[in-house]
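Observations on the model geometry
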Amino acid sequence: MFTGIIEELGEIVRVTATAGDSALVAVRGPLVTSDARHGDSIAVNGVCLTVVEVGDGVFTADVMGETLRRSALGALSVGDPVNLERAAALGSRLGGHLVQGHVDGVGELISREPAEQWETVRFRLPAALSRYVVEKGSITIDGVSLTVAEVGADEFAVGLIPTTLKLTTLGAKGVGDPVNLEVDVLAKYVERLLGDRLTDARGPAVTPSEVA
């Protein structure tokens, strides 16, 4: 479990293809590796990865083909910066919101509107995720916990303060760049619970073929 508060900007130092369509990725991150051990979890651009080896400020992690296909990690190259966060410790402050490190889909940056103290940045998101995004709710973009400022049919906007622009990859993203999206897990649980209750109250769902 993570909080969406980025600890440092890391760098991809090596990507090695392994069996099938998976890869072994090496990431430089002096801070997050300072106490890392084999088996620890580190979020890379919002994707929870398991540490395989660690040394000299670099950790390696296996990335399955499924993860490469369903997240923006597959588009990363050597030298690319990445947002890094270690798993949250019990008893620590929850500065962002509960983040699982399980990417729900890939979004696309569609516009940036600079202002004096912040930027309004808009993203397009997959249609299946739009129902989980609400104004003033939480969303994770490349591992960064953010508050939704505006919501449209297939897009949403967030406001990025100078600290976020400077200390995360979002400050350098351009129009058309892909981003990892994780919606608030609480929204998905609520949907499932309410769906079950509605089904129980109304009886089994009726399929079109059963309607005479």
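Our structure is the block above this text.
Figured I'd write up the structure that's included with this text. (Residues numbered from 1 in each chain as written. Predicted model: local features only at pLDDT ≥ 70, side-chain atom pairs only at ≥ 80, totals over all residues. Heavy atoms only, no water.)

**So, the packing of aromatic side chains**
- Using the criterion set out here, one finds one aromatic pair in the structure.
- Centre to centre, the rings of F123 and F156 are 5.6 Å apart; their planes meet at 25 degrees, and the pair counts as stacked. Pair noted here: F123 is in strand β8 (residues 119-124) and F156 is in strand β11 (residues 155-160), with a separation of 33 residues, a long-range link. No difference in accessibility class separates F123 from F156, as the two residues are buried. (Phe/Tyr/Trp six-rings, centres within 6.5 Å; stacked < 30°, edge-to-face > 60°. Helix = DSSP H or I, 4+ residues; strand = E, 2+ residues; numbered from the N terminus. Buried < 20%, exposed > 50% of the residue type's maximum accessible area, 1.4 Å probe, protein only.)

**Let's talk about the sheet that holds strand β1 (residues 8-17)**
- Ordered in space as β1-β2-β5-β4-β3-β6, the six strands form a closed barrel in which the pairing is antiparallel. On average, each strand axis in the sheet is inclined to that of its neighbour by 45 degrees, with strand direction left out of account.
- Here three bridges tie strand β3 (residues 41-44) to strand β6 (residues 81-86), and the two strands are oriented antiparallel to one another. Residue V44 lies in a different strand from β6, and its bridge partner there is L84. (Pairing = 2+ DSSP bridges. Axes fitted to C-alpha atoms, helices over the stretch in contact; angles between N-to-C directions.)

**Considering a nonpolar patch on the surface**
- Side chains of M1, L94 and L98 sit close together on the surface and give an oily, nonpolar patch of about 290 Å² of accessible area.
- Tracing the backbone through its elements, the reader meets M1 in the segment before β1. (Patch = residues over 30% accessible without salt bridge, like charges linked within 9 Å, V, L, I, M, F, W, Y side chains within 5 Å. Areas by Shrake-Rupley, 256 points an atom, 1.4 Å probe, with all protein chains shown as cover. Salt bridge = Lys/Arg side-chain N within 4 Å of Asp/Glu carboxyl O.)

**Some words on the environment of L90**
- Here L90 is to be found in the loop between β6 and β7 (105-114).
- The class of L90 is exposed, set by a relative accessible area of 90%.
- Considered as a pair, L90 and F123 are 33 residues apart in the sequence and their alpha carbons are 32 Å apart.

**Here we look at the layout of surface pockets**
- Taken as a whole, the largest pocket spans an internal volume of roughly 330 Å³.
- Lining the largest pocket are 16 residues, with I5, V144, S145, I161 and T164 sitting closest to its centre.
- Those elements that provide at least two residues to the lining of the largest pocket are β1, β10 (144-151) and α2 (162-167).
- With four residues, β10 is the single largest residue contributor to the lining of the largest pocket.
- Residue composition of the lining of the largest pocket, by class: seven nonpolar, seven polar and two charged. (1 Å grid on protein atoms, 1.4 Å probe; cavity = no way out; pocket = protein on both sides within 12 Å on 5 of 7 lines; lining within 4 Å. Points joined across faces, edges and corners; volume = space filled by probe spheres on them. Nonpolar A, V, L, I, M, F, W, Y, C, P; charged D, E, K, R; others polar.)

**Some points on the side chain of T60**
- Mapped onto the secondary structure, T60 falls in strand β5 (residues 58-63).
- Apart from residues no more than four positions distant in its own chain, T60 is found in contact with R14, L24, V25, A26, T50, V51, V52 and E53. (Contact = heavy atoms within 4.5 Å.)

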